[in-house]
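Take a look at the letters that make up each chain.
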Amino acid sequence: MIPLKFDYEVAESAEHAIELLGEHGDEAKLMAGGHSLLPMMKLRLAAPALIVDISRISDLSYIREDGDKIAIGAMTRHTDAEHSELLQSECGLVAYTAAQVGDPQVRHRGTIGGSLVHGDSASDLPTTMLALDAEFTLVGPNGERTIGAASFFKDYFETDMAPDEVMTEIRVPKLNGAGWSYQKFNRRAQDWAVVGVAATVGQSNGSLGEVKIGLTNMGNVPLRATAAEQALSGASRDAIAEGSNAAAEGTSPSGDIAASTEFRQHLARVLTKRAIEEALSR
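These remarks concern the structure in this document. Predicted model only: the values in this text are computed from it and were never measured. (Residues numbered from 1 in each chain as written. Predicted model: local features only at pLDDT ≥ 70, side-chain atom pairs only at ≥ 80, totals over all residues. Heavy atoms only, no water.)

### A word on the overall build of the chain
- The secondary structure content of the chain amounts to 12 helices and 14 strands.
- Whereas a compact globule of 282 residues would reach a radius of gyration of roughly 19 Å, the chain reaches 19 Å, a difference of no more than 12%.
- Overall, the C-alpha framework of the chain stretches about 60 × 45 × 35 Å when taken along its three principal axes.
- Here the analysis covers contacts within the chain between residues at least 6 apart in sequence; of these, 61% occur between residues at least 24 apart.
- Total accessible area on the chain is roughly 12,900 Å²; 45% of this is exposed by carbon and sulfur atoms.
- Once the 25 positive and 39 negative side-chain charges of the chain are each reduced to a mean point, those two points are 6 Å apart. (Helix = DSSP H or I, 4+ residues; strand = E, 2+ residues; numbered from the N terminus. Rg over C-alpha atoms; globule rule 2.2 N^0.38 Å. Contact = heavy atoms within 4.5 Å. Areas by Shrake-Rupley, 256 points an atom, 1.4 Å probe, with all protein chains shown as cover. Lys, Arg positive; Asp, Glu negative; His and termini not counted. Charge placed at Lys NZ, Arg CZ, Asp CG, Glu CD.)

Take a look at the structure:
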């Protein structure tokens, strides 16, 4: 389908984008890489009167150290995260997950911030950020605020970002030797995940240390597998299979042409076990 008619403005800075959003209210939408917004416009699930193009705001594209965290500009492309030596060495989960997004064309155009603010529970990066307890910086007419990933995703395609705000930065922790994994099951390489599991695992005297697990496409928002985290944190390696069986507790995935609800819950358990085992091997 063809999108409905819209006006188009190029933002010269984050402040300029906020000004344009303030002038047009709910009728305006931000566009970075366009891989989330444009398909929805073609399906007429979104019909903004104004598109504010922020793709040329170069000072929001960076990856740099910030103490015990890594700061990622919201306009950073997936391919830049994928090939970042800093992320590969200090938080490999982000670099690896970015490499799983779409295909090379998508990764060269799509942005980290765009994927997060779209709020799709089937996307890979929101789950990874949730498992990492990442923090997001949002800027609006009332100034800057920081929100954790656990509070950011509200409902299907709904986040805590106000209509007149812009995401400017994502901060993820350095893993400091903790193991990590992202397991993704999909039917074709470019498809959304039927189910995905992001995990980080600390190690302590031969046992599992703190375990954090995020689930992709297991509900309206990316979810933490809290029951499995509790069962696995501090457990022996012999308990991985049993603890992973709790991964689907409290989830309500949809059933569709790709998988039934029951199959998705089965996949969550299987992929969690694989993710924990791979994390421990790193």
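### Section: the sheet that holds strand β3 (residues 50-53)
- Spatial ordering of the open sheet is given by β1-β3-β2, a layout of 3 strands whose pairing is parallel. Because the sheet does not close on itself, it has two edges, and the strands there are β1 (7-10) and β2 (28-31). The average angle at which neighbouring strand axes cross in this sheet is 25°, direction not considered. (Pairing = 2+ DSSP bridges. Axes fitted to C-alpha atoms, helices over the stretch in contact; angles between N-to-C directions.)

### Regarding helix α1 (residues 14-24)
- For α1, the complete set of buried residues consists of Ala14, Ala17, Ile18, Leu20 and Leu21. All buried residues of α1 fall inside an arc of 160° around its axis, so they share one side. Exposed residues pointing more than 90 degrees away from the buried face of α1 are listed as Glu15, Gly22 and Glu23.
- At the C-terminal side of α1, Gly25 shows a positive phi close to 60°. (Buried < 20%, exposed > 50% of the residue type's maximum accessible area, 1.4 Å probe, protein only. Arc of directions from axis to C-beta.)

### Considering the nonpolar core
- One finds Leu87, Leu116, Met129, Phe136, Ile170 and Val172 to be the most contacted residues of the largest nonpolar core, which totals 34 residues.
- When neighbours within four sequence positions are excluded, Met129 is seen to be in contact with Val94, Ile112, Leu116, Ala134, Phe136, Ala149, Ile170 and Val172.
- Residues Val194, Val197, Ala248 and Leu267 belong to the second largest nonpolar core, which totals 25 residues. (Core = buried A, V, L, I, M, F, W, Y, C linked by side-chain atoms within 4.5 Å.)

### Regarding the packing of aromatic side chains
- Under the definition given, this model contains 6 aromatic pairs.
- Judged by centre distance (5.0 Å) and plane angle (80°), the ring pair of Phe136 and Phe152 falls under edge-to-face. Highlighted residues: Phe136 in strand β6 (residues 135-140) and Phe152 in helix α9 (residues 149-152), separated in sequence by 16 residues.
- Here the aromatic rings of Phe152 and Phe153 are separated by 5.2 Å at their centres, their planes lie at 80°, and the arrangement is edge-to-face.
- Within the aromatic cluster, the residues linked to one another by ring pairs are Phe136, Phe152 and Phe153.
- Above the plane of the ring of Trp180 lies Arg282, whose end atom (NZ or CZ) is 3.5 Å from the centre. (Phe/Tyr/Trp six-rings, centres within 6.5 Å; stacked < 30°, edge-to-face > 60°. Lys NZ or Arg CZ within 6 Å of the ring centre and 35° of its normal.)

### Brief notes about the pairing of strand β7 (residues 143-148)
- Relative to β7, β6 runs antiparallel, the two being bridged by 6 bridges. Looking at β7, one finds that Gly140 is bridged to Gly143.
- Where β6 folds back onto β7 in an antiparallel hairpin, the turn is made up of 2 residues.

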